[in-house]
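Listed below, chain by chain, are the residues.
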Number of protein chains: 2
Amino acid sequence: MDARVILLSHGDGGALTRELINQVFFAHLGNAILAQEGDAACLPELEGRLAITTDSFVVSPVFFPGGDIGKLAVYGTVNDLAVSGAVPRYLTAAFMIEEGFTIEGLEQIAASMAAAALEAGVQVVAGDTKVVERGHLDGVFINTTGLGVIPPGVDLGYHHIQPGDRIVINGSIGEHGVAVMGRRQGFSFDVQSDCAQLGGIIGFLLSNCKGVKFMRDPTRGGVATALKEIALQAGCDFYLEEEKLPVAARVRSICDLLGLDPLYLANEGKFLAVVAAGECDRILDTLHQHPLGRQACCIGEVRPGSGNVFVRTAIGGTRRLELYTGAILPRIC
Amino acid sequence: MDARVILLSHGDGGALTRELINQVFFAHLGNAILAQEGDAACLPELEGRLAITTDSFVVSPVFFPGGDIGKLAVYGTVNDLAVSGAVPRYLTAAFMIEEGFTIEGLEQIAASMAAAALEAGVQVVAGDTKVVERGHLDGVFINTTGLGVIPPGVDLGYHHIQPGDRIVINGSIGEHGVAVMGRRQGFSFDVQSDCAQLGGIIGFLLSNCKGVKFMRDPTRGGVATALKEIALQAGCDFYLEEEKLPVAARVRSICDLLGLDPLYLANEGKFLAVVAAGECDRILDTLHQHPLGRQACCIGEVRPGSGNVFVRTAIGGTRRLELYTGAILPRIC
């Protein structure tokens, strides 16, 4: 491609838009459905109930330890489908790009998306490219919308949650938040984002276990915000055991140093599951067999209540978690 | 809502995000599916082949004569489904908002989207809200992704196009481009955007006529760019009659004054159809019965060739149209 940076003309729908789409997006993300090049993509027949989700990614910086905006844009949407019990199938990808962004950076992002899509078993079937004048958008933003199929027999929902249920997480928390913050501030924290696709481990879990009632991925706002929202919807209280919360030593020491609470830090490869108490051990045994679930553990339980989330601290106290108010880390995803 | 402008905290996934979603987005766009509030929306069963399309809207200014970014974001995606022969059913809506944007403006946009969605017969079933620091995004960007169902018997595609076919448009061209440009530059052009949803007229056309082979809405890049792309894909030449091109007197005089070609100006309520010659009259008669098709006309024909688009001028000359190179009007949609 002649131009080494994105020009406004790359967004005018004309010759340069065509060139950009062909040489960057189709080159990396192409498939038979995308190649229809209609105004809409016609999909092969899908059997079963459909689930749909949309997410925009405005993360800053675009490249961070353990990932980049492309990988995040695929995994983030795939994970929203997966925690809803759906098998992710198709994505759309819409790029909003600042004039002056490098073509090389865009190619790196497209290649990263392609690798992530392959790993997650999804195809990008429709796309869009817009260019905004320099200074009117920061780098590149990506929207992905995902379509998945809910297998017969899978029925997750707040309404299944009841006192006595256990709360499970598949691994340690706070790594994405720390990794992005470190890169943004120019610190060398030596922490990688946990950015991963959860379709595999959740499919493995649901096909081997019963008793999974509800799942959510604790991204923006972290475990605390996700659990608070679930508790409110379920109309129960959640009790967490602080000492059971898996936090990597490195993340914990950075949090101690900077006064951050890992419970509010974003994760991009974790899911919370509310499960029937009697199935909890079997669920944990199953998760432990998967690479993304080696550290899976039970972090708390559900009790009668009205939407509170409490943490019992190691020294015997109890504190109440609230929805976060005040963005410590804007543009984390 | 307490804050009168968007704060970074409105995007942190916490209490203010929840408040914004409830008081602005759910208040205007709410429905039973959106109210599931899961990570993905579970859709009622859809019969038939699915079509999907995605589009981001970065139009500047956000409010323009005849419409706003909200209306555009609904109609733009609905129209991409409609020209593909699909009946639009569901939309996702993702908002990227600049810190400091007014809540009032956002409410106006949400109300406009709600009215547009109602008119187009679609429901917004999933959403997302991100906030970006002041100066890192210009106002508000919206991505909408649309899902539609292709009725049995509808089969549009480039491969049906053949020499002898006619090229039809449902009305006059260039109004959206002129309206947005005028508002941006502070001119009082007295031209309204043609912004309209095409699901109704296209459904009416397809259920009453045969012989429709391919359709496209000539948005960014205008009629010239859309036809050039279709001609290239079909492997035919297109011949247009300049004097048959419907251009409102006001648009024509503004174009003459500013040296613009209406063939390259964006439209947001128009579609081009390539139709069988023998059905053309019946198709035009049908279109004339619909409010959005009163000025429908045949503007040209398909001939053997290799992807050229020619315009025969009123004085007997012929000029060749190319894909546009050089953005005269960035951020037109």
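Residues numbered from 1 in each chain as written. Chains lettered and ligands numbered in written order. Predicted model: local features only at pLDDT ≥ 70, side-chain atom pairs only at ≥ 80, totals over all residues. Heavy atoms only, no water.

## Side note on helix α6 (residues 222-234) of chain A
Residue and element names in this part refer to chain A. The end-to-end C-alpha distance of α6 is 18 Å, a good match for the 18 Å that 13 residues give at a rise of 1.5 Å each. Counted residue by residue, α6 has 11 buried out of 13 residues, so it is predominantly covered. Burial in α6 covers these residues: G222, V223, A224, T225, A226, L227, K228, E229, I230, A231 and A234. (Helix = DSSP H or I, 4+ residues; strand = E, 2+ residues; numbered from the N terminus. Expected span 1.5 Å × (residues − 1). Buried < 20%, exposed > 50% of the residue type's maximum accessible area, 1.4 Å probe, protein only.)

## A few points about the confidence of the model for chain A
Here chain A averages 95 in pLDDT, and 98% of its residues register 70 or above. Interface predicted TM-score (ipTM) for the complex: 0.95; the corresponding pTM is 0.96. (pLDDT = per-residue confidence, 0-100.)

## What to know about the domain arrangement of chain A
All names here are of chain A. When its domains are assigned, chain A resolves into domain 1 (8-150) and domain 2 (158-321). Computed from C-alpha coordinates alone, the two centres of domain 1 and domain 2 are separated by 28 Å. At the interface, 19 residues of domain 1 touch 20 residues of domain 2. Summing both partners gives a buried area of about 1600 Å² for domain 1 against domain 2, and 63% of it is carried by carbon and sulfur. The three residues of domain 1 that bury the most area against domain 2 are P65, N79 and V83, which together make up 36% of that side's buried surface. (Domains from an automatic or database assignment. Contact = heavy atoms within 4.5 Å. Buried area = accessible area lost by both parts, 1.4 Å probe.)

## A short note on the sheet that holds strand β2 (residues 49-57) of chain A
The strands that make up a sheet pair up through hydrogen bonds in the backbone, lying either parallel or antiparallel. Read across the sheet, 5 strands follow the order β6(A)-β5(A)-β7(A)-β2(A)-β1(B) without closing on themselves; strand pairing throughout is mixed. Only two strands of the sheet have a single neighbouring strand rather than two, namely β6 (123-132) of chain A together with β1 (41-42) of chain B. Looking at chain direction, β2 of chain A and strand β7 (residues 140-150) of chain A are connected through 9 bridges and run antiparallel. The partner of F57 of chain A across the bridge, within β7 of chain A, is I142 of chain A. Contacts from helix α1 (residues 15-29) of chain A reach β5 (87-98) and β6 of chain A, with the element oriented near 150 degrees to β6 of chain A. (Pairing = 2+ DSSP bridges. Axes fitted to C-alpha atoms, helices over the stretch in contact; angles between N-to-C directions.)

## Details of the relation of the copies chain A and chain B
The relation between the two copies of this chain is a rotation about an axis and a shift parallel to it. When chain A is fitted onto chain B, the two copies agree to an RMSD of 0.0 Å after a turn of 180 degrees and an axial shift of 0.0 Å. The symmetry that links the two subunits is that of a two-fold axis. Relative to the rotation axis, the closest C-alpha in chain A is found at L137 of chain A, a distance of 2.1 Å. (Least-squares fit on C-alpha atoms with pLDDT ≥ 70 in both.)

## Details of the nonpolar core
By size, the foremost hydrophobic cluster in this structure holds 79 residues, and its most contacted members are F238 and L263 of chain B. Sorting elements by how many residues they give to this core places helix α3 (residues 103-120) of chain B first, with 9 residues. Residue contributions to this core reach at least three from each of two domains, namely domain 1 (8-150) and domain 2 (158-321) of chain B. In terms of nonpolar packing, the next biggest core, distinct from the first, is built from 78 residues, Y264, V274, C297 and I299 of chain A among them. (Core = buried A, V, L, I, M, F, W, Y, C linked by side-chain atoms within 4.5 Å.)

## Observations concerning the sheet that holds strand β5 (residues 87-98) of chain B
Spatially, 5 strands are ordered β1(A)-β2(B)-β7(B)-β5(B)-β6(B) in an open sheet, and the strand pairing comes out mixed. Edge positions in the sheet fall to β1 (41-42) of chain A together with β6 (123-132) of chain B, since each of these pairs with one other strand and no more. Where β5 of chain B meets β6 of chain B, 9 bridges bridge the pair, whose relative direction is parallel. The residue of β6 of chain B that forms the bridge with T92 of chain B is A126 of chain B. Helix-sheet contacts for helix α1 (residues 15-29) of chain B involve β5 and β6 of chain B, and the interaxial angle to β6 of chain B is about 150 degrees.

## Some words on a negative patch on the surface
On the surface, a cluster of negative charge is made up of E45 and E47 of chain A together with E45 and E47 of chain B. Mapped onto the elements of the fold, E45 of chain B is located in the loop between β1 and β2 (49-57). (Patch = residues over 30% accessible without salt bridge, like charges linked within 9 Å, V, L, I, M, F, W, Y side chains within 5 Å. Areas by Shrake-Rupley, 256 points an atom, 1.4 Å probe, with all protein chains shown as cover. Salt bridge = Lys/Arg side-chain N within 4 Å of Asp/Glu carboxyl O. Lys, Arg positive; Asp, Glu negative; His and termini not counted. Charge placed at Lys NZ, Arg CZ, Asp CG, Glu CD.)

## Some details on the pairing of strand β14 (residues 318-321) of chain B
Bridging between strand β13 (residues 309-312) of chain B and β14 of chain B involves 4 bridges; their strand directions are antiparallel. Residue pairing across strands places V309 of chain B opposite L321 of chain B, the latter belonging to β14 of chain B.

## Here's the deal with the packing of helix α5 (residues 199-208) of chain B against helix α8 (residues 280-288) of chain B
Residues and elements named next belong to chain B. At a minimum axis distance of 10 Å, the contact between α5 and α8 shows a crossing angle of 140 degrees. Comparing the axis directions of α5 and α8 gives the class oblique. Remark: the crossing between α5 and α8 carries right-handed chirality. Facing α5, whose interface residues are I201, F204, L205 and N208, α8 presents R282, I283, T286 and L287. Here the contact of α5 with α8 is built from residues that sort into 5 nonpolar, 2 polar and 1 charged. (Parallel < 35°, antiparallel > 145°, perpendicular 65-115°, else oblique. Left-handed = near helix turned anticlockwise from the far one by under 90°. Nonpolar A, V, L, I, M, F, W, Y, C, P; charged D, E, K, R; others polar.)

## Observations concerning the pattern of salt bridges
Residues and elements named next belong to chain B. Under the defined criterion, the tally for this structure stands at 36 salt bridges over all chains. Residue E322 is joined to K228 by a salt bridge in which the shortest nitrogen-to-oxygen separation is 3.7 Å. With E322 in the segment after β14 and K228 in helix α6 (residues 222-234), the pair connects residues that are 94 residues apart, well separated along the chain. Relative accessible area serves as the criterion here: at 33%, E322 is assigned to the partly exposed category. Between R320 and E322 there is a salt bridge, and its shortest N-O distance comes to 3.1 Å.

## Looking at unusual backbone geometry
Following S60 of chain A, the chain continues to P61 of chain A via a peptide bond in cis, the omega torsion being 0 degrees. Counting through the fold element by element, P61 of chain A comes out in the loop between β2 and β3 (63-64). Even without a glycine there, the phi angle at D190 of chain B is positive, about 60 degrees. Topologically, D190 of chain B is positioned in the loop between α4 (175-185) and α5.

## Quick notes on the interface of chain A and chain B
Residue-level contacts link 69 residues of chain A with 69 residues of chain B. Regarding the contact of chain A and chain B, the summed buried area is about 5500 Å², with carbon and sulfur atoms giving 57% of it. Contact with chain B buries surface across chain A, with D39, I52 and R220 of chain A losing the most and accounting together for 14% of the total. In this assembly, chain A and chain B are joined by 10 salt bridges. Residue R220 of chain B is joined to D128 of chain A by a salt bridge in which the shortest nitrogen-to-oxygen separation is 3.7 Å. Applying the counting criterion to the chain A and chain B interface returns 34 residue pairs in polar contact (both at pLDDT 80 or more). (Polar contact = N/O pair within 3.5 Å; in protein donor to acceptor, adjacent residues only side chain to side chain.)

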